[in-house]
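Structural features, examined
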Amino acid sequence: MQKIKLKTLFVAVAGLFVGLLLAYSISSQISPTTTGGLKASKEGVSEDIIDAALKTYVPPGQLDEYYLFASGGHSGQLFVYGVPSMRRIRSIPVFNKESAIGYGWTTESKEMLGDFAWGDAHHPALSETKGDYDGRWLFMNDNANSRVARVNLDSFTTQQILGPVPNVYGPHGSVFLTPNSEYFMMASRFAGPIPYGTYSELDNFKEDYKGVMAAIAIDPKDGEMSVGWEVLLPPWSYDLSDAGKGVSDGWCFLTTYNTEEAYHLLEVESSQRERDYIVAINWKMLEQAAKDGKTKDIGGAKVIDPNDVPGSVYLVPCAKSPHGVDVTPDGKYFIGNGKLAPIVTVFSFEKFMECVNNKDFQGEERGFPIVNYEKTRVAEVEVGLGPLHTQFDDQGNAYTSLFVESAVAKWSLSDFKVTDKTQVHYCPGHLTSAEGDTVNPDGKYLVSLNKLAKDKYLSVGPSHPESMQLIDLTSSKMKVLYDSPVDPEPHFAQMIKADKIKTFEVYPKDEAREGAVYAKEDARVVRDGKNVTVYMMAFRSRYYPDTVEINEGDHVTWYITNTDFDEDITHGFGIMFYDINCEAQPGQTQKLEFVADKAGVYPYYCTNFCSALHQEMQGYLLVKPKS
Ligand code: RUQ
Ligand code: CUA
């Protein structure tokens, strides 16, 4: 016994000693870039690191300069970051349920989400006025269920989900707004028989399967979305889109792949042609055609056959299975990102219009004129391998993500020469620069949205986070300043100057609001047959009423109003075993509905820490058994 103890002690001490020795030798070898935090003194820390630290550190009490809105991909949500700190400030549920705020539990959010528990959010787009972000709304698409959502930026909450939008299978090519937020276009990634639910064998692909672009109209007063009109397109895959601006206002541009019209083994079959197309669409012409009634009703949408509107659709050849298409801030060029070709192709809008006006075509496909490639194209810029997306700064430079090369290329819009390249980690998809999709980009910052992180963060097992890297654009050479892990999966992000967004602090008192009560005397439980309505008030730190007695089988409508009109005092409301939770922000009224199908005693309590007596904020739901 004694012997074993001694031995154990010896092993432990020796182990500790070896451990310390190892720790010392490792820490002395690791460069400051890979240890946690900077050394207290500047000694041994490179100027570069000090510079990066100073440029990204936002001290306590100070605020970031930009909001970054990044889509959450197949998690359905929207992430809000501050730039340059790259701190995540908020996650906004959009196409996903989120118990913390009761999104997907409250009556209103349940109705918005409809039958779907997930969405695939790709492209957030900030609303624009005269081509500049105006800070009012953000729109985002759901590639999985052909929907779009609007997030109001005064409250950072999802306020509308539209869809499934008829006839558009997988609207990857959205959301990209026209310069005054008149519309955004939703173009289909998958060709399909329309309307939804129509059955047709794949052998009929070329005849029965359609591509469709929907123009979603936005009400300038409140951002309310509705389906404006749609246009039929060939059964190709429409990948990304962008709206013209300045000289090219009134047009929109879509990239295509699979102009081969394959429906098996796309990996091979859709990469046969050296060039696919950018489809240029005169949306103002189609808008007029819709007004003139040149539409057919398909699936409840007004659909235009572009053959009835000659001159509304043209094809511009572009190498090879292009992914992103990006219009320059002045609207003079549209740029196709090669994906399978190591180039971006720069097209002049002016030259394009010359070809259109002079009927300078090199053929046609599916009835659409193909404009003269040699004349329209002004440059093929050899940026590197796997170009996907391009963004802009305020100095006439473009920045292209290189997926295969894990790099960003900087090139000039005046001589189309590559001037700089920086590595990013790893495999960037989209990029976003400060105010990058406006007519007035800020330059300054670029964020690379990387698909793989590999070794960049502490390991969390086989699947690693995605990664966003902040890049400094203030000198001639790009410099990576900061790495920020991010949940799956930002496809795109936009960055807006923080002072453009005006939020409110409390929901205003509104006696007319459905279910709201603002005085404890008005808090009550009302029965009408089997329907029970609870008008509840939540106020630091109690609920009125704090006992609710009902009968098994009752249909319950439960309103909860937070009457703390006080910044940041949010109350939660969770009922045990009834799978219910939501929050009511200051001044807000929420509505929940459920059937009391379980008899018994169910405590309810405030789930959101609100005061020193938060733990006391509770009550009982008593459900009397039927018999
Ligand atoms: S995509 S990585 Cu879904 Cu916008 Cu280009
Ligand atoms: Cu109210 Cu915690």
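Anything mentioned here points back to the structure above.
Now for a quick tour of the structure. (Residues numbered from 1 in each chain as written. Chains lettered and ligands numbered in written order. Predicted model: local features only at pLDDT ≥ 70, side-chain atom pairs only at ≥ 80, totals over all residues. Heavy atoms only, no water.)

1. Topic: the overall build of the chain
Of regular secondary structure, the chain possesses 8 helices and 43 strands. Computed over the C-alpha atoms, the radius of gyration of the chain is 28 Å, within 12% of the 25 Å expected from 2.2 N^0.38 for a compact globule of 627 residues. When its C-alpha atoms are laid out on the principal axes, the chain stretches across 80 × 75 × 50 Å. Looking at the chain residue by residue over its 627 residues, the buried ones come to 56%. A separation threshold of at least 6 residues defines the contact pool for the chain, and within that pool the share at least 24 residues apart is 59%. (Helix = DSSP H or I, 4+ residues; strand = E, 2+ residues; numbered from the N terminus. Rg over C-alpha atoms; globule rule 2.2 N^0.38 Å. Buried < 20%, exposed > 50% of the residue type's maximum accessible area, 1.4 Å probe, protein only. Contact = heavy atoms within 4.5 Å.)

2. Description of empty space enclosed by the protein
All told, the structure shown has 1 cavity of 30 Å³ or more when counted by the stated rule. There is about 200 Å³ of room inside the largest cavity. Contributing to the lining of the largest cavity are 23 residues, with F176, S241, D242, D437 and Q494 lying nearest its centre. Looking at the lining of the largest cavity, the elements that each hand over two or more residues are β4 (125-129), β8 (173-177), β13 (237-243), β19 (325-327), β25 (387-392) and β29 (428-434). (1 Å grid on protein atoms, 1.4 Å probe; cavity = no way out; pocket = protein on both sides within 12 Å on 5 of 7 lines; lining within 4 Å. Points joined across faces, edges and corners; volume = space filled by probe spheres on them.)

3. Structural notes on the nonpolar core
The biggest cluster of nonpolar side chains holds 27 residues, and the ones touching the most others in it are Y543, W558, F573, I575, Y578, Y604 and L621. Counting residues per element, the ones that place at least two in this core are β35 (531-539), β37 (547-551), β38 (555-562), β39 (571-575), β40 (580-584), β41 (589-595), β42 (600-605) and β43 (618-624). The dominant element in this core, judged by the number of residues it contributes, is β35, at 4 residues. Ignoring sequence-local partners within four residues, the contact set of F573 consists of M536, Y543, W558, I560, I580, N581, C582, L592, Y604, Y605 and T607. Counting 25 residues, the second largest nonpolar core, distinct from the first, contains Y238, Y277, I304 and L315. (Core = buried A, V, L, I, M, F, W, Y, C linked by side-chain atoms within 4.5 Å.)

4. Quick look at the layout of surface pockets
Approximately 1500 Å³ is the volume attributed to the largest pocket. The wall of the largest pocket is formed by 49 residues, among which R90, S155, F156, T157 and Q585 lie closest to the centre. Listing elements by their share of the lining of the largest pocket, those giving two or more residues are β1 (66-71), β2 (78-83), β3 (87-92), α3 (107-113), β7 (157-162) and β41. Among the elements that line the lining of the largest pocket, the one with the most residues is β3, at 5 residues. Across the lining of the largest pocket, the residue classes break down as 18 nonpolar, 18 polar and 13 charged. (Nonpolar A, V, L, I, M, F, W, Y, C, P; charged D, E, K, R; others polar.)

5. So, the site of ligand 1
Residues in contact with ligand 1, as listed here, are H122, H123, H172, L240, H323, H389, G429, H430 and H491. Here the shell around ligand 1 is composed, by residue class, of 1 nonpolar, 8 polar and no charged. (Near = heavy atom within 4 Å.)

6. A word on the sheet that holds strand β28 (residues 418-423)
Strand order in the open sheet formed by 4 strands is β25-β26-β27-β28, and the pairing between neighbours is antiparallel. Pairing within the sheet leaves two strands with one partner each, and these edge strands are β25 and β28. Each strand axis lies, on average, 20° off the axis of its neighbour in the sheet, ignoring direction. Sheet analysis places β25 next to strand β26 (residues 397-402), joined by 4 bridges and oriented antiparallel. Bridged to Q391 within β26 is Y399. (Pairing = 2+ DSSP bridges. Axes fitted to C-alpha atoms, helices over the stretch in contact; angles between N-to-C directions.)

7. Describing the pattern of salt bridges
Should their charged atoms come close, side chains of opposite charge can pair. In total, this model carries 30 salt bridges according to the counting rule given. For K500, the salt bridge is made with E435, and the minimal N-O distance between the two is 2.7 Å. With K500 in the loop between β33 (493-497) and β34 (524-528) and E435 in the loop between β29 and β30 (443-450), this residue pair connects regions lying 65 residues apart in the sequence. Overall, K500 belongs to the partly exposed group, its relative accessible area being 26%. Residue E435 is classed as buried on the basis of its relative accessible area of 2%. The residue K624 makes a salt bridge to E549 at a minimum N-O spacing of 3.9 Å. Pair noted here: K624 is in strand β43 and E549 is in strand β37, with a separation of 75 residues, a long-range link. With a relative accessible area of 46%, K624 lands in the partly exposed category. A single salt-bridge network, built from bridges that share partners, covers D48, D51, K55, D472 and K479. (Salt bridge = Lys/Arg side-chain N within 4 Å of Asp/Glu carboxyl O.)

8. Concerning the packing of aromatic side chains
Any two aromatic rings considered together are summarised by their centre-to-centre distance and by the angle between their planes. One pass over the structure, following the stated rule, counts 37 aromatic pairs. The ring of F79 is capped by R88, whose NZ or CZ atom sits 4.3 Å from the centre of that ring. (Phe/Tyr/Trp six-rings, centres within 6.5 Å; stacked < 30°, edge-to-face > 60°. Lys NZ or Arg CZ within 6 Å of the ring centre and 35° of its normal.)

9. Quick notes on the environment of F253
Along the chain, F253 falls in strand β14 (residues 251-257). The spatial distance from the C-alpha of F253 to the C-alpha of L240 is 8.3 Å, given a sequence separation of 13 residues. For F253, the contacting residues outside a window of four places in its chain are L240, S241, D242, G244, S248, I278, V279, A280, V325, V327, F334 and F349.

10. As for unusual backbone geometry
A cis amide bond links G163 with the next residue in sequence, P164, at an omega value of 0°. The residue P164 is located in the loop between β7 and β8 in this model. Looking along the chain, the bond that leaves P488 and enters E489 is cis, with omega of -20°. Mapped onto the secondary structure, E489 falls in the loop between β32 (479-486) and β33. Even without being a glycine, M86 presents a positive backbone phi close to 60°. With respect to the secondary-structure elements, M86 resides in the loop between β2 and β3. M86 gets classed as buried once you look at its relative accessible area, which sits at 3%.

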